Amino acid sequence: MKNKCVVLLGPEQLELRDVELKPLKPDEIRVKNEYSCISAGTERANIVDMPNTVHKFNRAFGYNSVGIIIDKGADVKDFEIGERVLCFFAGGHRLYTTGKAKNFCKVPDGVDPKDAALVIIGGFGIEGARMTRCEIGESGMVVGCGLLGLFALQSLRNMGAIPTIAIDFNEDRLRIARELGADYTFRPDEENLKEKILAITDGKGVNAAVEVTGSAKALVTTLELMARHGRVALTGCTRISDEPIDFYRLVHRPGVQLLGGHTSARPSTDSYPGYWTAHDDHRTLLKMIAAGRMKAAPMRSECVNPEDVSAVYASSRCKIRRSASCLTGALCTRTDIDKRRCAC
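Nothing here was measured: the structure is a model prediction, and the numbers come from that model. (Residues numbered from 1 in each chain as written. Predicted model: local features only at pLDDT ≥ 70, side-chain atom pairs only at ≥ 80, totals over all residues. Heavy atoms only, no water.)

(A) Fine view of the packing of aromatic side chains. Throughout the structure, instances matching the rule amount to three aromatic pairs. With a centroid separation of 6.4 Å and 40° between ring planes, the pair formed by Tyr-63 and Phe-124 is classed as tilted. Taken together, the residues Tyr-63 in the loop between strand E4 (59–60) and strand E5 (64–72) and Phe-124 in helix H3 (residues 119–132) connect sequence positions 61 residues apart. In terms of burial, Tyr-63 and Phe-124 fall into one category: buried. Note on Tyr-272 and Tyr-275: the rings are 5.5 Å apart at their centroids and 25° apart in plane angle, and the pair reads as stacked. With relative accessibility at 22%, the residue Tyr-275 sits in the partly exposed group. Over the aromatic face of Phe-79 sits the side chain of Lys-106, whose NZ or CZ is 5.6 Å from the ring centroid. (Phe/Tyr/Trp six-rings, centres within 6.5 Å; stacked < 30°, edge-to-face > 60°. Helix = DSSP H or I, 4+ residues; strand = E, 2+ residues; numbered from the N terminus. Buried < 20%, exposed > 50% of the residue type's maximum accessible area, 1.4 Å probe, protein only. Lys NZ or Arg CZ within 6 Å of the ring centre and 35° of its normal.)

The following block contains the structure:
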């Protein structure tokens, strides 16, 4: 049986290829994917071979998708054929996903699979918001309003942050941020930004922030805007530390906490306050979408056939965009991301 996969052959080299499916093991399930989501920051970093990435080529690309179970091993008890599931890490830009049952999560009835396809990356936004331990009445800020940042924004708002602040260079992203509940939106280069932030936070600065860009310069901007004893969750992967940070002035003296928000920082089994497992974050986000308390649709745009993978990842400028793909027919994308500098 053949599987269709997007394969990363080398820097800026991707193809849609046929590969052999391996036999199903007793503890595994097999899913026919409907949609997979492009992880803009991670995939861009791998495609252009940036530092602090897993340098592995000639491999299937992507790491998350949503689809329908078509087969399961004899030892699998918690899933049934025909159920829709998220595929975490085992998934990706491929027609079929096969993996251990523990790496899958059921999708509630009524959740659009195109929305569900965004949940695994969106879960990183929930993770960052949780790590800040934002309390009702505190100010919350997101720096970088891509997919992950917009879920972090909605998470902070649901946690009771007021005001909620979104910062990005892209006006379209800021428009979506306002649609999703941001009380204030700013560009990082806006004149008198710090004075404006102080004015809307009772002169204190921001209590809880999620920094999503992966840019060292953006982190400096974030730290400049924090209140004393503020908390900053770093969910953007800073591949290149190309900006000096005055740790004494921006971190040490004001007592600001920097919290590493990589997915590997999550607990593997049991959730606890501020630190939840990946599956618990995914289940929470799916419930919130099903209940209408979070939105994913505003972050989706066009759908593109995966046979057009070369155009989607346009090697000349690495146009990894926003959203989800379907190896049976579609790829949802959004904002172009520059090859070397990214505010995703």
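Picking up where we left off.
(B) Seen up close, the sheet that holds strand E2 (residues 13–20). Taking strand neighbours across the sheet as the criterion, the three strands line up as E2-E1-E4 in an open arrangement whose pairing is antiparallel. With partners counted over all chains shown, the strands left at the sheet margins are E2 and E4, one partner each. Here strand E1 (residues 2–10) pairs with E4 via two bridges, running antiparallel. Within E4, the residue paired with Val-7 across the bridge is Ala-60. (Pairing = 2+ DSSP bridges.)

(C) Quick peek at H3. Its 14 residues give H3 an end-to-end C-alpha distance of 20 Å, which sits within 8% of 20 Å, the value for a rise of 1.5 Å per residue. Judged by how many residues are buried, H3 sits mostly within the fold: 14 of 14 residues are covered. Residue Arg-133 follows H3 closely and has a positive phi angle near 50°. (Expected span 1.5 Å × (residues − 1).)

(D) Broad picture of the sheet that holds strand E9 (residues 140–143). With parallel pairing, the six strands of this open sheet are ordered in space as E11-E10-E9-E12-E13-E14. On the outer flanks of this sheet lie strand E11 (184–186) and strand E14 (257–260), each paired with one strand and no other. Strand-to-strand, the axes of this sheet are offset by a mean angle of 20°, without reference to chain direction. Taken together, the five bridges between strand E12 (residues 206–211) and strand E13 (residues 226–234) define a ladder with parallel strand orientation. Its bridge partner being in E13, Val-210 is matched across the sheet by Ala-233. (Axes fitted to C-alpha atoms, helices over the stretch in contact; angles between N-to-C directions.)

(E) Quick peek at the nonpolar core. Grouped together as the largest cluster of nonpolar side chains are 46 residues, with contacts concentrated most on Leu-86, Leu-150, Phe-151 and Leu-286. Of all the secondary-structure elements, those providing two or more residues to this core are strand E3 (28–38), strand E6 (84–88), H3, helix H4 (147–158), helix H5 (171–179), E12 and helix H9 (278–290). Setting aside anything within four residues of it in sequence, one finds Leu-86 in contact with Ser-65, Val-66, Asn-103, Phe-104, Cys-105, Val-107, Ala-116, Val-119, Ile-120, His-282 and Leu-286. Within the second largest apolar cluster, 21 residues are counted, among which are Leu-193, Val-220, Val-232 and Val-256. (Core = buried A, V, L, I, M, F, W, Y, C linked by side-chain atoms within 4.5 Å. Contact = heavy atoms within 4.5 Å.)

(F) Geometry of H5. Buried within H5 are the following residues: Arg-173, Leu-174, Ile-176 and Ala-177. The arc that holds the buried residues of H5, viewed along the axis, is 160°, so those residues lie on one side. Buried residues along H5 sit against H4, strand E10 (164–167) and E11. Positive phi shows up at Gly-181, right after H5, with a value of about 115°. (Arc of directions from axis to C-beta.)

(G) Region of interest: the environment of Lys-4. Position of Lys-4 relative to the elements: it lies in strand E1. C-alpha of Lys-4 to C-alpha of Glu-20: the two residues are 16 residues apart in sequence and 8.8 Å apart in space. For Lys-4, the side chain forms a polar contact with the side chain of Asp-18, separated by 3.2 Å. (Polar contact = N/O pair within 3.5 Å; in protein donor to acceptor, adjacent residues only side chain to side chain.)

(H) The arrangement of the pairing of E13 in detail. Each parallel crossover has a hand, and the one from E12 via helix H7 (residues 216–224) to E13 is right-handed. Note: E13 against E14, four bridges, orientation parallel. Looking across to E14, one finds that Leu-234 is bridged to Gly-260. Taken together, E13, helix H8 (residues 247–252) and E14 form a β-α-β motif whose crossover is right-handed. (Right-handed = clockwise from strand over helix to strand, strands pointing away.)

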